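Single-letter residue listing:
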Amino acid sequence: MELSSVGEIVWVLGVVAWYMIRYPFERRAKRSRVVSDRRSPSDIAGLAAALLGLAIVPGFYIATGIPETADYPASAWAVALGSIVFATALWVFRRSHKELGRNWSITLEIRERHKLVCTGPYAVIRHPMYTSFMLMGLGQAFLLSNWVAGAAGLIGFAVLFFLRVDKEERMMMENFGPEYRAYMERTKRIIPYLY
């Protein structure tokens, strides 16, 4: 089996695992009533960009080999590193969902009895879900030996992050006030101790 095929298989298994992690939390969250919905066209555009970059473009590439002209030789170190990074992304993703519980939402929403979560990965960073998407994009870049499909995940993540994170933080400040401001002072956004 070619190294490029190993990277593609790891990516597919990672995406399946991602969905298996998300599905039960998505079902549970739907049981909590939404009290504030900040969904906007830019929010939807960010989610669409993430879906395109982290799923559709790489999935299309794996299924068809297009764009073949952007292929480059796979290396064992890149596939190994990509596997580790993607596994780390899934771990952060799972921990984020577990800590949020019914507070989780795919869009910018505040749910009934919404609480400010400051435990688990949230003790160090405010947006570990974005961290997991960034790590997934980075893992994808190492796993898929194609300049377009590999880079698409990081681009999709960046669009989602920059369209949404400021709005999300404003919503949390409006909802939690001084408690969220204090939380912002002791944590970083997505990279522990750096940013």
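Residues numbered from 1 in each chain as written. Predicted model: local features only at pLDDT ≥ 70, side-chain atom pairs only at ≥ 80, totals over all residues. Heavy atoms only, no water.

Draft legend 1. Looking closely at unusual backbone geometry. The peptide bond linking I66 to P67 adopts the cis configuration, its omega dihedral lying at 5°. Its place among the elements puts P67 in the loop between α2 (41–64) and α3 (76–100). Located in the positive-phi region is Y193, a residue other than glycine, with phi close to 65°. Mapped onto the fold, Y193 is located in the segment after α6 (178–186). (Helix = DSSP H or I, 4+ residues; strand = E, 2+ residues; numbered from the N terminus.)

Draft legend 2. Region of interest: the confidence of the model for the chain. Looking at the chain as a whole, its pLDDT mean stands at 93, while 99% of the residues score no less than 70. Per-element averaging of pLDDT across the chain places strand β1 (residues 34–37) at the bottom with 71 and helix α4 (residues 128–143) at the top with 98. (pLDDT = per-residue confidence, 0-100.)

Draft legend 3. Summary view of the nonpolar core. By size, the foremost hydrophobic cluster in this structure holds 39 residues, and its most contacted members are M129, Y130, F133, F157 and M172. Looking at this core, the elements that each hand over two or more residues are α1 (3–29), α2, α3, α4, α5 (147–176) and α6. Other than its neighbours up to four places away in sequence, F157 contacts Y130, F133, M134 and I190. (Core = buried A, V, L, I, M, F, W, Y, C linked by side-chain atoms within 4.5 Å. Buried < 20%, exposed > 50% of the residue type's maximum accessible area, 1.4 Å probe, protein only. Contact = heavy atoms within 4.5 Å.)

Draft legend 4. Geometry of a nonpolar patch on the surface. A contiguous nonpolar surface patch, about 440 Å² in accessible area, is contributed by F162, I191, L194 and Y195. Within the secondary structure, I191 is located in the segment after α6. A relative accessible area of 30% means that I191 is categorised as partly exposed. (Patch = residues over 30% accessible without salt bridge, like charges linked within 9 Å, V, L, I, M, F, W, Y side chains within 5 Å. Areas by Shrake-Rupley, 256 points an atom, 1.4 Å probe, with all protein chains shown as cover. Salt bridge = Lys/Arg side-chain N within 4 Å of Asp/Glu carboxyl O.)

Draft legend 5. Molecular detail of the packing of α2 against α5. Two elements in contact, α2 and α5, have axes whose closest approach is 8 Å; the angle formed by their N-to-C orientations is 170°. Judged by the angle between their axes, α2 and α5 are roughly antiparallel. Here the hand of the crossing between α2 and α5 comes out left-handed. Counting all contacts with α2, which are made through S42, D43, A45, G46, L47, A49, A50, G53, L54, V57, P58 and Y61, the residues of α5 involved are V148, A149, A152, G153, G156, V159, L160, L163, R164 and K167. Of the residues belonging to the contact of α2 with α5, the class tally is 14 nonpolar, five polar and three charged. (Axes fitted to C-alpha atoms, helices over the stretch in contact; angles between N-to-C directions. Parallel < 35°, antiparallel > 145°, perpendicular 65-115°, else oblique. Left-handed = near helix turned anticlockwise from the far one by under 90°. Nonpolar A, V, L, I, M, F, W, Y, C, P; charged D, E, K, R; others polar.)

Draft legend 6. Broad picture of the packing of aromatic side chains. Applying the stated criterion to the full structure yields ten aromatic pairs. Where W77 meets F142, the ring centres are 5.9 Å apart and the plane angle is 65°; that geometry is what we call edge-to-face. With W77 in helix α3 and F142 in helix α4, this residue pair connects regions lying 65 residues apart in the sequence. Residue W77 is classed as exposed on the basis of its relative accessible area, which comes to 57%. Residue F142 is classed as partly exposed on the basis of its relative accessible area of 24%. With a centroid separation of 5.0 Å and 80° between ring planes, the pair formed by F161 and F162 is classed as edge-to-face. (Phe/Tyr/Trp six-rings, centres within 6.5 Å; stacked < 30°, edge-to-face > 60°.)

Draft legend 7. Representation of the side chain of T187 in the model. With respect to the element layout, T187 can be found in the segment after α6. Here T187 falls in the buried class, since its relative accessible area comes to 6%. Separated by 2.7 Å, the side chain of T187 and the backbone oxygen of Y183 make a polar contact. Those residues in contact with T187 that sit more than four places away from it in its chain are Y122, A123, V124, I125 and R126. (Polar contact = N/O pair within 3.5 Å; in protein donor to acceptor, adjacent residues only side chain to side chain.)

Draft legend 8. Focus on the environment of A78. Position of A78 among the secondary structure elements: in helix α3. Along the primary structure A78 and H127 are separated by 49 residues, whereas in three dimensions their C-alpha atoms are 27 Å apart.

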